[in-house]
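Residues per chain are reported as follows:
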Amino acid sequence: MEIKKEIKIEDKKSNLILENRKRLALTGVLEVISFNDNVIMLNTNLGSMTIKGEGLRMNKLDVQNGEVMIVGTINSCIYSGTEIKKDDESIFKKLFK
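Reference entry: report on the structure contained in this document. Note that the structure is predicted; figures quoted are calculated from it, not measured.

A closer look at the overall build of the protein
Part 1: Of the regular secondary structure elements, the protein holds one helix and six strands.
Part 2: In the protein, the order of α-helices and β-strands from amino to carboxyl end is β-β-β-β-β-β-α.
Part 3: Burial status across the protein gives 26% buried among its 97 residues.
Part 4: Long-range pairs, those at least 24 residues apart, make up 47% of the contacts in the protein with a sequence separation of at least 6.
Part 5: Looking at the protein as shown, the accessible area adds up to about 7,300 Å², and 50% of this sits on carbon and sulfur atoms.

Have a look at this one:
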């Protein structure tokens, strides 16, 4: 018999490591809502997060483990308490129009 253990959001860890405003490592990422060179919007264990900067790129994206690596010039990282809702159109649909 297999026993499943529920993992509560409070039990999951979330880390933010910013190196010289050029590299941002995040854990606890649930999904990427949108991204471009200036703004990246994510849902995390701790709420939604908006990252603003210049020349932003996601070097590593592992949504299964909740890890994201962002490089570029990072000007701000803003948490808000509410989750960001996705548009009806997915990122992939927008890319491949």
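As for the pairing of strand 4 (residues 39-44)
Part 1: Pairing geometry for strand 3 (residues 29-35) and strand 4, over five bridges, is antiparallel. Each bridged residue has a counterpart across the sheet, and for Phe35 the counterpart in strand 4 is Ile40.
Part 2: Counting the residues between successive antiparallel strands, the hairpin from strand 3 to strand 4 contains three residues.
Part 3: For strand 4 and strand 5 (residues 47-62), the ladder comprises six bridges, and the chain directions are antiparallel. Looking at strand 5, one finds that Met41 is bridged to Thr50.
Part 4: Where strand 4 hands over to strand 5, the hairpin turn is made up of two residues, counted between the paired strands.

Observations concerning the pattern of salt bridges
Part 1: All chains considered together, the criterion is met by two salt bridges.
Part 2: With a shortest N-O distance of 3.8 Å, Arg23 and Glu19 are connected by a salt bridge.
Part 3: On the basis of relative accessible area, Arg23 is assigned to the partly exposed category, the value being 40%.
Part 4: Two residues, Lys60 and Glu67, come together in a salt bridge whose shortest N-O distance is 2.7 Å.

Description of the pairing of strand 2 (residues 23-27)
Part 1: Because side chains alternate across strand 2, one face comprises the buried residues Leu24 and Leu26, and the other comprises Arg23, Ala25 and Thr27, none of which is buried.
Part 2: Sheet topology note: the strand 1 (residues 16-19)/strand 2 ladder contains four bridges and is antiparallel. By the bridge assignment for strand 2, Leu18 is matched with Leu24.
Part 3: Hairpin connection of strand 1 to strand 2: three residues between the antiparallel strands, including Asn20 at a positive phi of 55 degrees.
Part 4: Of the pairings in the sheet, the one linking strand 2 to strand 6 (residues 67-80) comprises five bridges and is antiparallel in character.

Digging into the sheet that holds strand 1
Part 1: Pairing within the open sheet is antiparallel, and its six strands lie in the order 1-2-6-5-4-3. Both edges of this open sheet fall to strand 1 and strand 3, since each of them pairs with a single strand only. Averaged over all pairs of adjacent strands, the angle between their axes in this sheet comes to 35 degrees, without regard to strand direction.

Quick notes on the rules
- Residues numbered from 1 in each chain as written.
- Predicted model: local features only at pLDDT ≥ 70, side-chain atom pairs only at ≥ 80, totals over all residues.
- Heavy atoms only, no water.
- Helix = DSSP H or I, 4+ residues; strand = E, 2+ residues; numbered from the N terminus.
- Buried < 20%, exposed > 50% of the residue type's maximum accessible area, 1.4 Å probe, protein only.
- Contact = heavy atoms within 4.5 Å.
- Areas by Shrake-Rupley, 256 points an atom, 1.4 Å probe, with all protein chains shown as cover.
- Pairing = 2+ DSSP bridges.
- Salt bridge = Lys/Arg side-chain N within 4 Å of Asp/Glu carboxyl O.
- Axes fitted to C-alpha atoms, helices over the stretch in contact; angles between N-to-C directions.

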